[in-house]
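# Structural overview
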Amino acid sequence: MMERTTGQAERPGLLLEPPTGARFHFDPGALCLELLATGGPGEFARFEVLHEPADLVRWAGESRLRWPSGLELAVGEGELKSVRRTRDALFLLAADRAHDRPLDPGCLSAVNAAAAEAPLTARIEPDGTRAWAPGATGTRLLSSVMRDAVDLFTGPYAHRIRECGGGNCFLLFVDTSRPGRRRWCSMERCGNRQKARTRRARAADPDQPDASASARTS
């Protein structure tokens with residue numbers, strides 16, 4: 001989990017800044033999982049970045065929702081609380097799915113209730129480009145994110161929701177790669193750390209098997 005996020009203009013995903021270490025690009029593979037990088041329940045509450053409505057507006061502009069353009073959100077304090085509460089429920093569901101545990105009915109109800117609200121809507125501009133329609137609210141934003149969660153959990157990649165295999169990193173992602181062997185939140189961070197550990201271990205014991213392949217990701 002991260003302290004805050006900053007967006008990137010050209011590729012999906014978030015540029016994360018951990019409490020320690022260099023910032024890195026993290027693409028969880030789905031809009032709903034991007035929201036999970038903003039905080040979480042229990043012990044993960046210390047990583048919360050959605051402290052005020054402006055923080056949610058900023059996240060939306062850094063997420064996959066930046067395509068199409070023109071998303072102008074009006075977010076109230078009550079909506080922000082609802083986003084955090086529903087995000088925490090989704091966090092628990094994704095972690096359970098990643099570890100093949102039964103899904104909590106209460107968390108499912110929270111996600112389904114949010115998804116049942118009216119979502120963000122897009123429109124065609126006079127120049128033929130796609131843009132967000134006016135009237136975007138925190139409730140509509142949450143609905144769109146949770147509808148994405150419904151699609152993910154009921155779709156062909158539901159079994160590929162995973163937790164990063166890097167030590168105490170708990171970032172969640174969906175592996176959409178063809179071979180399906182992604183293990184790390186990012187090769188820039190946990191993947192490279194595993195490579196470094198493997199090199200050190202081999203230097204200390206040259207006779208041990210080469211485990212460098214385990215640090216690869218697509």
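Placed above this text is the structure.
Keep in mind it's a predicted model, so treat the numbers as computed, not measured.

Here we take up helix 4 (residues 105-115). Since the α-helix advances by 3.6 residues per turn, residues separated by three or four positions end up pointing in the same direction. Cys-107, Val-111, Ala-114 and Ala-115 are the residues of helix 4 that are buried. Angular distribution of buried residues about the axis of helix 4 spans 105°; they occupy a single face of the element.

With respect to the element layout, Ser-144 can be found in helix 5 (residues 138-154). On the basis of relative accessibility, which here comes to 14%, the residue Ser-144 falls in the buried class. Not counting residues up to four positions away in its chain, the partners in contact with Ser-144 are Leu-31, Pro-119 and Leu-120.

Looking at the element boundaries, Arg-87 is found in helix 3 (residues 77-98). With residues near it in sequence (within four places) discarded, Arg-87 still touches Leu-35, Leu-36, Thr-38, Gly-39, Gly-40, Glu-48 and Leu-50.

Counted by the stated rule, this structure contains ten salt bridges. Between Glu-188 and Arg-11 there is a salt bridge, and its shortest N-O distance comes to 3.8 Å. Residue Glu-188 is found in helix 6 (residues 187-204), and its partner Arg-11 is found in the loop between strand 1 (4-6) and strand 2 (14-17); the two are separated by 177 residues along the sequence. For Glu-188, a relative accessible area of 44% puts it in the partly exposed group. Look at Arg-11 and you get partly exposed, because its relative accessible area is 38%. Note that Arg-64 and Glu-34 form a salt bridge whose closest N and O atoms lie 2.7 Å from each other. Pair noted here: Arg-64 is in the loop between helix 2 (53-62) and strand 4 (73-74) and Glu-34 is in helix 1 (residues 31-35), with a separation of 30 residues, a long-range link. Its relative accessible area of 0% is what places Glu-34 among the buried residues. The network of salt bridges with common partners includes Asp-27, Glu-34 and Arg-64.

As a further point, take the pairing of strand 2. Examined bridge by bridge, strand 2 and strand 3 (residues 24-26) share three bridges and lie antiparallel to one another. Directly across from Leu-15, in strand 3, lies its bridge partner His-25. Taking the residues between adjacent antiparallel strands as the criterion, strand 2 and strand 3 are bridged by six residues, where Gly-21 takes a positive phi near 95°.

A separate point is the environment of Gly-40. Mapped onto the fold, Gly-40 is located in the loop between helix 1 and helix 2. Taking the C-alpha atoms as reference points, Gly-40 and Leu-92, separated by 52 residues in sequence, lie 8.5 Å from one another.

This paragraph deals with the packing of aromatic side chains. Enumeration over the complete set of coordinates arrives at two aromatic pairs. Aromatic pair Phe-44 and Phe-91: ring centres 4.9 Å apart, planes at 40°, arrangement tilted. Of this pair, Phe-44 sits in the loop between helix 1 and helix 2 while Phe-91 sits in helix 3, and the two are 47 residues apart along the sequence. Here Phe-44 matches Phe-91 in class, with each residue buried. Aromatic side chains Phe-44 and Phe-170 sit 5.4 Å apart centroid to centroid with 65° between the ring planes, which places their arrangement in the edge-to-face category.

Each value, and the rule that gives it
- Per-chain numbering applies: the sequence of each chain, read as written, is numbered from 1 onward.
- Two thresholds apply to this predicted model, a pLDDT of at least 70 for residue-level local features and 80 or more for giving and counting side-chain atom pairs, whereas whole-chain, interface and lining totals are computed over all residues.
- With hydrogens and water set aside, each side-chain value is computed from the structure's full complement of heavy atoms.
- Relative accessibility thresholds used throughout: buried, under 20% of the residue-type maximum; exposed, over 50%; partly exposed, between the two (1.4 Å probe, protein chains only).
- Think of it this way: any DSSP run of H or I at least four residues long counts as a helix, any run of E at least two long counts as a strand, and we number them from the N terminus.
- Note: the arc covers the axis-to-C-beta directions of the helix.
- The contact criterion used throughout is that any non-hydrogen atoms of two residues lie within 4.5 Å.
- In what follows, salt bridge is the name for a side-chain nitrogen of Lys or Arg lying within 4 Å of a carboxyl oxygen of Asp or Glu.
- Two strands are counted as paired when DSSP detects at least two bridges linking them.
- Here a pair means two rings of Phe, Tyr or Trp (six-membered ring of Trp) with centres within 6.5 Å. Their orientation is stacked below 30 degrees between planes, edge-to-face above 60, and tilted elsewhere.

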